[in-house]
Structures are given as structure tokens and as C-alpha cells.
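In case you want the letters, here they are:
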Amino acid sequence: VCSSDLGLTTFGVDGDATVRNQSAINFKTTSVGGDLDATAVTGNITNTTGTVTVGGMAQFTTETVDADITLGSGMSLSVAGDLGLTTFGPMGNATIKNQSAINFKTTSVGGDLDATAVTGNITDRLDASIQITGLATLNVQSANDIILGDGTAILDLNRVTITKESEKEAKNVS
């Protein structure tokens, strides 16, 4: 159990990290060479005091109803691999601003999702299931694309806002 800021460091593509904290997680500077799986049992997940860099895939989960995930808003978030988010409850929002592309793996957000890919596309894995109960806001720079619903991916998006200066594509949006 960590009641304050949490920083992790692993090395190499096999340097995975799994953390399950009984309270909130506020990442301070974190560098994981492989995959990161982070769960906050009774609070939010944030990175207000440090950058989070993940060389592999990342999964962020809050287990308390209406707890939020807010990563990359104040300090930098950089996930190179697939990214998954899980929140519960109608106020369990997720806000992420990734320094590169966002490739969603299975994601379920009980509230709103606000996702920004700073230098890449927003896509999903071919086998992903993405369910956003609230408003899904997807943001990319003008040279990049938003492509969701390819392959066997399942999308369940109630309301969608797409921000982009050039052509947009969203498939199978319900």
C-alpha cells in the first residue's frame, strides 16, 4: 500500500511492472521498459508529479465507482504499445494525453473518455472491445488519423467528438 507518489523503474523489453495499490496512484517519474499494469483499488490514477514512460503496453484500472484516470494532462505520458483503460460508474472518467499514437486494447470507461494522441494516430487492436458510456472525445494532430472499428473490434460509443484538422474516419460507431 502506497499512500503517496509512486515511481517505478524497470529495464529492457522484459522489464514489466504490475502494481495494485489499495488507495489512489499518483505516478512520479516512472520508466517501465516492458508492460505496465496499474490498478488503484480505492482512488484515482494520475501523474501530477512525474512523467510516465512505458516501452510496452499499459493497462490502467480504477476499481472504485466514479474514480478517474487522468494521465498526461500536467506531466507527460508516453506509452509505446497498446493502451487499455478501465473505470466504473457514470462519473468514472478517463483523460489521457499520450505523446505518441494511441492504440486501444480492450477499454471500458463508465463515464467520459478524452483521449489525445500528440504525434500519432488513434486506433484500436483488431480484437479490441471499446465501451464508453459517456462522451468519447478523440483528438489528433492534423497529420494523423482516427481509425476505429477495423477487423473484429467492437465499438460501443454513445456520443463521439472528433477533433482533427484533416480527414477523419470512425467506423461502426453506435
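Preceding block: the structure.
Residues numbered from 1 in each chain as written. Predicted model: local features only at pLDDT ≥ 70, side-chain atom pairs only at ≥ 80, totals over all residues. Heavy atoms only, no water.

Novice: A description of the side chain of Thr86 should follow, citing residues and the corresponding values.
Specialist: Its location among the elements puts Thr86 in strand S11 (residues 83-88). At 3.3 Å, the side chain of Thr86 forms a polar contact with the side chain of Gln59. Contacts of Thr86, omitting those with residues within four sequence positions, involve Gln59, Phe60, Thr61, Thr62, Ile69 and Ser108. (Helix = DSSP H or I, 4+ residues; strand = E, 2+ residues; numbered from the N terminus. Polar contact = N/O pair within 3.5 Å; in protein donor to acceptor, adjacent residues only side chain to side chain. Contact = heavy atoms within 4.5 Å.)

Novice: Which residues make up the nonpolar core, and what values do they have?
Specialist: With 40 residues, the main nonpolar core has Phe27, Leu36, Phe60, Leu85, Ile96, Phe104 and Ile122 as its most contacted residues. With five residues, the single largest contributor to this core is strand S17 (residues 129-140). Excluding anything up to four places from it in sequence, Ile96 contacts Leu71, Leu77, Leu83, Leu85, Ile102, Phe104, Asp114, Ala115 and Thr116. (Core = buried A, V, L, I, M, F, W, Y, C linked by side-chain atoms within 4.5 Å. Buried < 20%, exposed > 50% of the residue type's maximum accessible area, 1.4 Å probe, protein only.)

Novice: Quick one: what's the story with the environment of Ile45, residue by residue and with numbers?
Specialist: By the secondary structure assignment, Ile45 is in strand S6 (residues 45-46). The spatial distance from the C-alpha of Ile45 to the C-alpha of Ile69 is 4.7 Å, given a sequence separation of 24 residues. Among residues more than four places away in sequence, those in contact with Ile45 are Ile25, Phe27, Ala38, Ala40, Phe60, Thr61, Thr62, Asp68, Ile69, Thr70 and Leu71.

Novice: Could you give an account of the pairing of S11, naming the residues involved and the relevant values?
Specialist: Burial of S11 is extensive: five of the six residues sit out of reach of the surface. Here strand S8 (residues 58-65) pairs with S11 via five bridges, running parallel. Looking at S11, one finds that Phe60 is bridged to Leu85. (Pairing = 2+ DSSP bridges.)

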